[in-house]
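Architecture at a glance
Residue-level listing of the chains:
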Amino acid sequence: MGTFLLSVFALLVPVAGIALFVYIVARRLAPLFRAAPDFRFDNIGKRLFGLYEYPHHRMPRPGYELSGYIHITTIICLGVLSLQVITLLLQGISPSFSLPFLDKGLIADGYRMISDLALTVLLGATLLALYRRVVLKPERYDVPERYGKNKTFPDAVLSLGLLAGLAVLDIVYIASGWRVDVYAGADTHILIPFTGTWITASVFSLFSPTANQVVHVLSFMLLIVLIFGFVCYLPFGRFFHLVTGPPNVFFKKIKKGSVKPVKWGITDDKLDELESFGVKKFEDFTWKHMLDFYTCTDCGRCSDNCPATTVGRPLSPRFISIKGRNYAFSHYPLKGSFIQNEPLMGDVFHDDEIWSCTTCGACEEECPVTIEYIDKIVDLRRGMVDDGNVPQSLQKPLSAIEKRGNPWGKMEKKRGEWTKDLPEDCSVKLFEAGDTAETLYFVDSITSYDDRMISIAKATAKLLCAGGADFGILGKDEKDSGNEVRRFGEEMLFQDLKNHNTEMILESGVKQIVTADPHALNTLKNDYAGLPPVEHISQFLARKIKNGDISLKSVEKPEAVYTYHDPCYLGRHNEIYDAPRDVLDAIPGLRRVEMAKSRDRSFCCSGGGLMLFYEPEEEERMGVLRVKMAAEAGATVMVTACPFCLVNMEDAIKIAGLEGKLEAIDLAELVERHLDK
């Protein structure tokens, strides 16, 4: 009779637990079925590999090693123990049940030993995680006053406590069962000394067979109740990522540097048929972006590395996700009617918060569960622009781009005037005049018109000549590439720029494109379609130097110490890190040091295109922080490979009081000075 009741209990608890879990998850996922479409079913092989590779690469990032390895260890232990849990649940119904190869024999004994070890390690990892949360309290977990109280701390402690309780109960269950088998003279597996099971079984040797049997049965009953209690609790907070994390990583964005279309399934030529652009209500987000909200682990790594957060701008990527999740929970409750179609801007997200983002990508580079922030922010901006809600300081440059093809509103015919000052031995062909060439040098707006940045255009042209390139420029037929226009939400203006430039480039008949502007590189490569291959001038130089087509003389300032600043749109968005460094290292005698934040952790200068025209509320300029990092690294010359970065760096050097101590220069300018002519 007792065995029958136990079997009924072992059947009812899982059935009830699974039913409740399915109900909760169905209610939680309801908004995803009302969301905008999102195409994520390409590159299946790459996505499957990413399930293994991405977390192992992202979790133990420098500075987060302890938490990263705790998570990896926990995942591995839970994976090992999953077979034991399945066996446990089914044995409650049928005591003789066993998974194949895990009944008797060497494999079965080996698995039991490994699972005993995994239980001990899981308990240790969970207790260490609790210690970090309760005692160490890393600053990235803090909640700024403007975001209210820290609601995730109790959730984290409770979830970790439940997980530790599961490990303890499982140890007690196995140890008491092992001791019962010993008393009965049955075969038992070897217990690894000093594991939790070994220690507990040693303590249970003091109890009678009957007492061990009682403990074994009670621990089993408590264990399955706690297992399904824990499972049903997951969808209530940040630990929902244990469920949504794997699919979120699987459906991660594959193409870096790109921006999602206004709406999946709508071609660019049909955009004017849409009634509304961007995200204005929650259901305008795509299902993947809603899944992002649920998957946020609240680890704070995104905001910990966000330059906007660092300088005190009213933006924290972490709370973009948290506020989105809170909205979903409150408007799609577990019981009652759903509340839909409420506006987001002003109630959930705020204008200055969304405009503060530089789209540098630092947050996405750090996220261990592949949450996408840039596309969400761009979509929210699209919605604001569609409603006519554009910061006043951006209205003039956007209008100028629409009228003249550049944010300063200068005459189109002046776009190529910088070529007049080039030496006679460096001739730049003009496609507008009917010339033909193999290579297009796409100059873009700032390098064409800004008095200081024109020197980058001249240096780039000289380098192309030195490398033997047959090249020309579009001149007055070139318009702004539109990288920032698109990322500031002006989609239709971007489409006009893209269509015009694409037509001009294809008519020129060039076979390749070179640019010295990472923003132009990014949009031509990732936002346009059907163009010839695009490369940055640093890639051209690295190849020509390696082939011996360009040789460099010894460094002009042997006493100087150089450091390289990775532009966001060259580095993080297009993963070009080595080429600029290879070029610098090819200059004989040049001494180079790395800043504390470099390569994929480079600190944004806030120069990204139209950010030059937008002045957000902040405590300190990003560029000022960046030049201070260069000075702290011992550098006297700061080299970048982006005109926007150079503008900000030169300005920041003055503000930081580092004039005479630190100089900023573009890579093209520096290399041109060292050409061995």
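Residues numbered from 1 in each chain as written. Predicted model: local features only at pLDDT ≥ 70, side-chain atom pairs only at ≥ 80, totals over all residues. Heavy atoms only, no water.

Let us now look at the side chain of Ser-176. With respect to the helices, strands and loops of the structure, Ser-176 is situated in helix α5 (residues 152-184). A distance of 3.3 Å separates polar atoms of two side chains, one belonging to Ser-176 and the other to His-216. Look past the residues within four positions of Ser-176 in its chain and what remains in contact with it is Phe-204, Asn-212, Val-215, His-216 and Ser-219. (Helix = DSSP H or I, 4+ residues; strand = E, 2+ residues; numbered from the N terminus. Polar contact = N/O pair within 3.5 Å; in protein donor to acceptor, adjacent residues only side chain to side chain. Contact = heavy atoms within 4.5 Å.)

Turning next to the sheet that holds strand β7 (residues 591-593). Hydrogen bonding along the main chain pairs the strands of a sheet, whether they run parallel or antiparallel. In spatial order, the strands read β7-β6-β8-β9; together these 4 strands make up an open sheet with parallel pairing. The open sheet has two edge strands with one neighbour each: β7 and β9 (663-666). Averaged over all adjacent pairs, the angle separating strand axes in this sheet is 35 degrees, with direction ignored. The pairing of strand β8 (residues 637-640) with β9 spans 4 bridges and is classified as parallel. Of the residues in β9, the one forming a bridge with Thr-640 is Asp-666. (Pairing = 2+ DSSP bridges. Axes fitted to C-alpha atoms, helices over the stretch in contact; angles between N-to-C directions.)

Take the sheet that holds strand β3 (residues 471-473) next. Across the sheet, which stays open at both edges, the 5 strands sit in the order β1-β3-β2-β4-β5 with parallel pairing between neighbours. Each edge of the open sheet carries a strand with a single partner, namely β1 (429-430) and β5 (534-536). Alignment of strand β2 (residues 439-441) against β3, held across 2 bridges, turns out to be parallel. Of the residues in β3, the one forming a bridge with Leu-440 is Gly-472. Across the sheet, helix α21 (residues 518-526) touches β4 (512-515) and β5, and the angle it forms with β5 is around 160 degrees.

The subject of this paragraph is the pattern of salt bridges. Tallied over the full model, the rule gives 47 salt bridges. With a shortest N-O distance of 3.7 Å, Lys-476 and Asp-477 are connected by a salt bridge. Lys-476 gets classed as partly exposed once you look at its relative accessible area, which sits at 40%. Bridged by salt links that share partners, the residues Lys-260, Asp-379, Arg-382, Arg-486, Arg-487, Glu-491 and Asp-527 form one connected network. (Salt bridge = Lys/Arg side-chain N within 4 Å of Asp/Glu carboxyl O. Buried < 20%, exposed > 50% of the residue type's maximum accessible area, 1.4 Å probe, protein only.)

A cluster of nonpolar side chains, namely Leu-11, Val-15, Leu-83, Ile-86, Leu-90 and Ile-93, defines an oily patch on the protein surface of about 470 Å² accessible area. Elements with a contribution of two residues or more to the nonpolar patch: α1 (2-28) and α3 (65-93). If one sorts the elements of the nonpolar patch by residue count, α3 sits on top with 4 residues. Taking relative accessible area as the criterion, Leu-90 reaches 35% and is therefore assigned partly exposed. (Patch = residues over 30% accessible without salt bridge, like charges linked within 9 Å, V, L, I, M, F, W, Y side chains within 5 Å. Areas by Shrake-Rupley, 256 points an atom, 1.4 Å probe, with all protein chains shown as cover.)

Once that is clear, we can look at the domain arrangement of the protein chain. One can read the domain layout of the protein chain as domain 1 (2-250), domain 2 (268-386), domain 3 (396-546) and domain 4 (561-673). Placing a centre on the C-alpha atoms of domain 1 and another on those of domain 3 gives a separation of 56 Å. (Domains from an automatic or database assignment.)

Helix length check: helix α16 (residues 392-404), at 13 residues, gives a terminal C-alpha distance of 19 Å against a target of 18 Å (1.5 Å per residue), a fit within 8%. When α16 is considered as a whole, its buried residues turn out to be Leu-394, Pro-397, Leu-398, Ala-400 and Ile-401. Mapping the buried residues of α16 onto a view down its axis gives an arc of 155 degrees, with all of them on the same face. The exposed set on the far side of α16, more than 90 degrees from its buried face, consists of Gln-392, Lys-396, Glu-402 and Lys-403. (Expected span 1.5 Å × (residues − 1). Arc of directions from axis to C-beta.)

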